[in-house]
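In case you want the letters, here they are:
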Amino acid sequence: MTKSIWAVRGAALLLTACAAHAQLGRTLDWTTFGGDAQRTGWEKSDSKFTKDEVAKQFQLLWKVKPENPAKSSLLAPVIIGNLIGYRGFKELAFIATSDDAMYVMDADLNRMYWQKRYGTAKPLQDSAACTASNAMPTLMTLGFRRRVSAPGGAPVASPAPRPAPNPNFGPRAIYLITADGMLRRVNVANGAEAVPPVAVLPAGARPSVLNMFDNVIYATTNEGCGGAPTAVWAVDISNPDQTAPPVVKSLKTQGGPFVGLGGPVVSNDGTVYVQTGEGAVSAGSNQYSNTLLALSSKDLEVKGYFTAPPANVTPVTFTWQDREFVVSATKDGRLNLLDSSSFEGDHKTPLSQTAPLTSGGGSIWGGLSSWQEEGGTRWVLATVWGGAAGHNGSVVALKLEEKDGKPVLSKAWESRDLVRPVPPVIANGVVFALSNGDGKSTRATLYALDALTGKEIWSTGSQVTSAGNLSGLTIANGRVYFATADGTLWVFGVPLEI
């Protein structure tokens, strides 16, 4: 009888928790920089707020400054929208630091869920630029579906999603590469390492932000840190045998360093895109500079390349009218619209190119974002730094349209003045843009803009007390997250009502 009573009580508690969680609506993950492998910055299904609620109810929900003896930088968090664990239903924010620590917050209650430091003492670094990691960790996307091509090249959907979110069929994991070059697979519920760490990069290599697609983790390294070459890396973790080491492949580009804030980009068809910076170019001898490279998945073979003097920008990729497009930025402030055909021929002619978005010595910086209206209109957003006198920076929004039989990007609006903005994030018709400030006369300010017009809806005003640290923005389930230079994570959103 006692067992029956406890069983009934347990079932009742579970039903109560499920009912409470259902009131919050569907919960979403933010698995990597930009929210997806394509680096769009678009939270496609977040319905936790409307434009009117942002204007009237958006507010500071919580902030946290973790104990941080090394005073290392916080990276933009990744989010699990719904962890079902022994402590109930939890939305968790995973905040990595530049010295291999992880702080995990209960995003609903502003409570530390767990925290750990990984790796051994940092290896000797080759320069000051190598002393901190910017390898934002990554999560595997649940319900992943890969597009395949039908005969004739027409894109079709795969027949069914893979049932298992994790290649090793264990608890869900977060993946990180620490300063010692080790890949670590960490249980999201408690921080325990599910398998022994394995070396995948040279120690001290300082990899880029990680990306993950179809059970492969991608990163880039630049020469000068830990003896690593300027290279793209693919770490295949698809083997279900937990004792087997991952298959690691790399492509040495032997040219200018990789640029942009977001690391490798992966399109819906599995093509990997990386942007190299200025340097010598000799494609015949596999020396790539000033080049947007298109690589095959897993084995990193060169499928094509597009050459133009680049801005310090990560490209963005998306599907529009059943075609895969890529947008990159050039040093003179223009955007290039590309598809697979743009990587053939002279390797220098895009489908179309915009007029310069900058003036007076300004530049496009960091990365590009993209979203699509319900009616099918595709938008691309660029962050501009500097320019004519009195202009600190801005977000510029462009529409993708058909003109004279070809797709072009046409400028639609430009935001108010922003100081050192990072690539914006978009949800439910709202663009969230962060003015990072300079740490002297200006501090970070988060703005909400109407995605169709650029009109300001809301801002944090003078609430934030430090400059941003340029690690990017995260948005999930009605909350926007960013870190500041003083080691604080700020979280704004619409308060929950249960």
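Refer to the structure above for everything that follows.
Computed from a predicted structure; not experimentally measured.

Engineer: Honestly, the overall build of the protein chain in this entry has me stumped. Any pointers?
Structural biologist: Within the protein chain, the regular secondary structure consists of two helices and 36 strands. Residues counted as buried form 54% of the 498 residues belonging to the protein chain. For the protein chain, contacts bridging at least 24 residues in sequence account for 52% of all contacts bridging at least 6. Carbon together with sulfur atoms contributes 53% to the accessible area of the protein chain, which is approximately 20,600 Å² in total.

Engineer: What should I look at first to understand empty space enclosed by the protein in this one?
Structural biologist: Empty space among the atoms becomes apparent when a probe as large as a water molecule is rolled across them. For the structure shown, the criterion picks out five cavities of 30 Å³ or more. Within this model, the largest cavity holds a volume of roughly 80 Å³. Every residue lining the largest cavity is counted, 15 residues in all, and those nearest its centre are F33, G34, R39, S369 and P423. Classifying every residue of the lining of the largest cavity by side-chain character gives seven nonpolar, seven polar and one charged.

Engineer: Can you walk me through the layout of surface pockets in this structure?
Structural biologist: Considered as a void within the structure, the second largest pocket measures approximately 780 Å³ in volume. Lining the second largest pocket are 38 residues, and of these N134, R206, V209, G260 and L261 sit closest to its centre. Those elements giving two or more residues to the lining of the second largest pocket turn out to be β14 (216-221), β18 (272-275), β21 (312-314) and β26 (363-372). Residue classes in the lining of the second largest pocket are distributed as 19 nonpolar, 17 polar and two charged.

Engineer: What is the right way to read the environment of K51 from this model?
Structural biologist: Inspection of the secondary structure assignment puts K51 in helix α2 (residues 51-57). Residue classification places K51 among the partly exposed positions, given a relative accessible area of 28%. Look past the residues within four positions of K51 in its chain and what remains in contact with it is N428, G429, V430, D450, L452 and I457. There is a polar contact of 3.1 Å between the side chain of K51 and the side chain of D450.

Engineer: Looking at this model, I keep getting lost on the packing of aromatic side chains. Mind explaining?
Structural biologist: Within a pair of aromatic rings, the relevant descriptors are the distance that separates the centres and the angle that separates the planes. For the structure on display, the rule yields 15 aromatic pairs. Judged by centre distance (4.3 Å) and plane angle (15°), the rings of W365 and W385 are stacked. Of this pair, W365 sits in strand β26 while W385 sits in strand β27 (residues 378-385), and the two are 20 residues apart along the sequence. Assigned by exposure class, W365 and W385 land together as buried. Here the aromatic residues F49, F58, F432, W458, F482, W490 and F492 are joined through ring pairs into a cluster of three or more.

Conventions used here
- Residues numbered from 1 in each chain as written.
- Predicted model: local features only at pLDDT ≥ 70, side-chain atom pairs only at ≥ 80, totals over all residues.
- Heavy atoms only, no water.
- Helix = DSSP H or I, 4+ residues; strand = E, 2+ residues; numbered from the N terminus.
- Buried < 20%, exposed > 50% of the residue type's maximum accessible area, 1.4 Å probe, protein only.
- Contact = heavy atoms within 4.5 Å.
- Areas by Shrake-Rupley, 256 points an atom, 1.4 Å probe, with all protein chains shown as cover.
- 1 Å grid on protein atoms, 1.4 Å probe; cavity = no way out; pocket = protein on both sides within 12 Å on 5 of 7 lines; lining within 4 Å.
- Points joined across faces, edges and corners; volume = space filled by probe spheres on them.
- Nonpolar A, V, L, I, M, F, W, Y, C, P; charged D, E, K, R; others polar.
- Polar contact = N/O pair within 3.5 Å; in protein donor to acceptor, adjacent residues only side chain to side chain.
- Phe/Tyr/Trp six-rings, centres within 6.5 Å; stacked < 30°, edge-to-face > 60°.

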